[in-house]
Every structure is written in C-alpha cells, then in structure tokens.
Amino acid sequence: MGIGDRLSRLLTEAAADAEAIEHEGQWWTWGQVQRTAQHVTEALDTAGLKTGARVGVVLENRPEHVATVAAVIASGRCLVMLSPLQPAARLAADIAGCALPVVVAGAEPLAREGVAGAVTAHGAALELGTDGTLRPAGGKAPAEAAPAAPGVALEMLTSGTTGPPKRVPLRISQLDQALVSGGQIPKAERLLSRSAALVAAPLVHIGGLWRALACLATGRRMLLMPKFAVEPWVSAVERHQLRAASLVPAALRAVLDAGVPKERLASLRVVTSGTAPCPAELAEGFSRAYGIPVLMTYGATEFAGAVVGWTLPLHERWWRRKAGSAGRAFEGVELRVTGEDGAELPVGRTGRLEVRSEQSTRGGGDWTRTSDLARIDADRFVWIEGRADDAIIRGGFKVQPDIVKGVLETHPAVREAAVAGLADTRLGEVPVAAVEAEPRRPAPHPGELVAHCRARLTPYEVPAHIIVVDALPRTPSSKVSRVELLELVRTRIAQEARS
C-alpha cells in the first residue's frame, strides 16, 4: 500500500477519538485531523483544482498543517512547499515566482508585509486556523493553471545551506520507495498503532517531512515539536518511553552539553542522525555518556530521504572498524563512485558519489550524480569526504573546505568550525572560517588559529580570515549556513577596517 492510499484510509477510516498528534502538551484526535483535511479538500474542489494541480502550503510544525499535507497528497494534488522560516520579502518573492492557483497558510505568514499580495496576484489565499478551519483570505483561483508533472506529489525545498533554497519535484513513487528503504512499511491489517514517534525537524525540509510521513504510514502517534529544544525533546522521550529518536549533529551536541541525566533517556535503544555529517567523536561521546548507539544516515532532498545508513546489527559488528562512515546502501539503492570523466573508480578511490534508486528524481533506471565526494571501501561502507561543489578556487589552487575545517577542529579550544569561499578581486576566492569555541576553555585568538593552520596546511589552504563566534549560524535544519557565515565574516572585516 502506497502513502497516497494509506493517507486516504487514515482520513476516512481511523477512529475519530484516537490520539493522532501531540503538540505543545495537547492532543489532536484523528477526528480533528479528518475534519481539517475535509475542509482543505472541499476548498480545493470549490476552487476548481483537479488531480495534479499545484497547491502552495506555507508549512509550519502544527497539527493542522500535517492534516493539510495529508489532504493534498491523498487527493492526488501536488504540494508546493513554502517556508515560513524565510524573511517576509523572500517568502513573498518565492510565492510570486511559483505562480500558484491556491496558497494555504496560517494567519501570521499571511500578515507579513507583501505575502498576501504575492498570493492574490496569481491566485487565492486560504487562511488555515489553529483549530483546523479554513477561510478565504483574498484573491481568486484562475480558471486554468499549469499542473505539476505527472506523478509528482511534492515540490520540496532543499535546506539552503550553501545559497537560496531550491525546489525539487518528488514523485509519489519516490516517497513510497523511501518509506520501504527506511523500514517504514505499514502492516496492512493495522491502521493505527499505540507507539509514538518524535518529529522535531522542520516539516518544510525533507528530514522533518519524511519523519511525519513515516508516522502516518505506520499509524504511529506523532509527537510534533514546533522546533527542537533540549528540555521538550527529553521530556517527550521520557514521558512516552521512546525506544528510538532522531537528532541532527548540532542537537546531539546540545543534549550532551546540557548534561541531561542518563536515566531520563534510559528507554532509548538507538538514536539516528542525519542532515549533516556527524563526526565520529561526537557519536562516540554520546554513546559513552548514555550507552545509546548513534546510527548515521546519508541522503538528500532529491532522494526523498536517506539512501545510506547504519543499522543496529551493522553497528554491533562493524562500528569499531568503520566509525565515521555513513553506513551502507539501503535496500533498493545502488551506489558507485566516478571520476571527473564519469568513469567508475576502483574500490577505495575518492570521487563523485552516484546513486541509482527508485528514490531518485530520475527513477531507478538512471544514475544520479551527487555533489558529494565519497569513497566506498571493500566492505561496501560509504565514506563522505566533502562536497565537490564547495571547492574554493584560490588563484587557480583548489581548496576543499572540509580539509580546512578538520584541521581547525583539531585545536583544543575549537568545538566546531565552518569554512566557505569569499569573493576576492585578485584571487577569485579565498577561504574564510568561523569557529565556535569550546565553552569551558578560553576563546582562541584568530592569530593563534591561523598559526595552527599554517603548521598543518599548504599555504593556499590557510584561511584568509578567521572569526570566533559564540555559535555558528545555522539553517532551520541545523546545518551551518554558509550564506550567514560569509555575512558575519564580511561584517567583521568591515569593522576591522574602520578601527
């Protein structure tokens, strides 16, 4: 049973009084979810939107928004993700660029300057209330609007780590295969489960949306957080005695730094970690503190989730020899590494990682070339070694940011570093870095860090500027934002020039 059929069954057959979504201490029942979905479906029908029509949703981590997602996908329409995490001007520009016949949004995003006007310039705005009601908020859906490509269920935003977010079309078959690969296969005879799963990542990004769809596919109760915070996350684990949960690397570190007592996480048997590379030392530190294995995963929006990862049996057998690996390919996923000429490289050689799977936007017949540099060893473990498109060309010399980042993080006073390329009129680009200091050590001086790099890197790899910050700037999915990092560096350079 695919996710579309599964959602249709839940919206018609799930017991109305069954708990569906916990949000900020309150439960939404399946009856509330069903009523909201019915409001959405009726409004889209009234607007004349047929199967395959594109529907914009400014998607927040709220129960009524989960119901909207379910309604749009179950009705065979295409959900176009719009991020409420953007500043008003960017959200308005994104909406205008999509030219959508209908946009569903909460009251707060629609009240931002320019947003409602961007919607009504092309179509109708529908305001989604926190109680699940829907009301017209201006504009009119056009008589005709370009539909999505056949079979496309989502136009999904990437996380925007290295620049403006891009929108990726995801087919319904990709979602189905991603759920199968991730082990989220529903039991046909059981519609609902009393088990629960925690969703703390933004729904507007693939990590959060995949976890929400996995909850729905398996009938689990969803514990939906507005955003990740240590105490609410720990409280949810403790209250519901969860056996599995997910934490991005930055959140793993936050739990460790908070000194959460071991007994509060005693129910957990495993923690998964994705969205960004998880350093082996961080995973080891978490496991030592709590006795819980951390299972890394690797994926991308284009694959509707993870395509590589660790399982508990793999961890028990291989972790000591393969710590730091992203794991092995999931079921139904083929991998290879190729050189710049596209030829497949021998085992153990580093090149561009390519993926062939039904999870790919290109389907299971073609290879998709990623931007990630990787090697696959003789035991089929995948090692991610940076991104090809992040390379900084400094006066003709290629600098890999991950190499510089790794050296900076060997300094005892540096907790985490991030490196990006800053435009330079003479050299084209120069590497610059920001570091987050270890909280229990004196903050390092930039000059000390430059000397540390000079002793370990070639001259052209040494960052032209290093700044020390209390916290690295991050996207909503907790990846380091290189866009904001560069703005911080430019601001610091300007300040130093004035002083």
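Our structure's up above, just so we're on the same page.
Residues numbered from 1 in each chain as written. Predicted model: local features only at pLDDT ≥ 70, side-chain atom pairs only at ≥ 80, totals over all residues. Heavy atoms only, no water.

Trainee: What should I look at first to understand the overall build of the chain in this one?
Mentor: Scanning the chain from terminus to terminus reveals 15 helices and 25 strands. Computed over the C-alpha atoms, the radius of gyration of the chain is 23 Å, within 12% of the 23 Å expected from 2.2 N^0.38 for a compact globule of 499 residues. Going through the 499 residues of the chain one by one, you find that 53% of them count as buried. The contacts of the chain with a sequence gap of at least 6 include a subset with a gap of at least 24, amounting to 60%. (Helix = DSSP H or I, 4+ residues; strand = E, 2+ residues; numbered from the N terminus. Rg over C-alpha atoms; globule rule 2.2 N^0.38 Å. Buried < 20%, exposed > 50% of the residue type's maximum accessible area, 1.4 Å probe, protein only. Contact = heavy atoms within 4.5 Å.)

Trainee: Whenever I open this one, unusual backbone geometry confuses me. Can you help?
Mentor: What is expected of a backbone is that most residues other than glycine have negative phi and most peptide bonds are trans. At Ala99, a residue that is not glycine, the phi angle is positive and equals roughly 50°. Along the chain, the position of Ala99 falls in the loop between helix 4 (88–98) and strand 5 (102–105). The class of Ala99 is partly exposed, set by a relative accessible area of 37%. In this model, Ala304 sits at a positive phi of 60°, which is unusual for a non-glycine residue. As for its placement among the helices and strands, Ala304 is situated in the loop between strand 14 (294–300) and strand 15 (305–309).

Trainee: What should I look at first to understand the pattern of salt bridges in this one?
Mentor: Side chains that differ in charge, positive against negative, can pair when their charged atoms come close. For the structure on display, the rule yields 23 salt bridges. One salt bridge connects Arg77 with Asp45, and the closest N-O pair in it is separated by 2.6 Å. Taken together, the positions of Arg77 in the loop between helix 3 (63–74) and strand 4 (78–82) and Asp45 in helix 2 (residues 30–46) put the pair 32 residues apart, joining distant regions of the chain. Overall, the relative accessible area of 5% leaves Arg77 in the buried class. (Salt bridge = Lys/Arg side-chain N within 4 Å of Asp/Glu carboxyl O.)

Trainee: Where do I start with empty space enclosed by the protein in this structure?
Mentor: A water-sized probe, rolled over the atoms, reveals where empty space remains. One pass over the structure, following the stated rule, counts two cavities of 30 Å³ or more. Computed from the structure, the largest cavity encloses a volume of approximately 40 Å³. Lining the largest cavity are Leu59, Val66, Val69, Leu203, Leu209, Ala212, Leu213 and Leu216. Going through the elements one at a time, helix 3 and helix 8 (206–218) are the ones with two or more residues in the lining of the largest cavity. Per-element accounting of the lining of the largest cavity gives the leading share, four residues, to helix 8. In terms of residue class, the lining of the largest cavity is built from eight nonpolar, no polar and no charged. In this structure, the second largest cavity spans a volume of roughly 30 Å³. (1 Å grid on protein atoms, 1.4 Å probe; cavity = no way out; pocket = protein on both sides within 12 Å on 5 of 7 lines; lining within 4 Å. Points joined across faces, edges and corners; volume = space filled by probe spheres on them. Nonpolar A, V, L, I, M, F, W, Y, C, P; charged D, E, K, R; others polar.)

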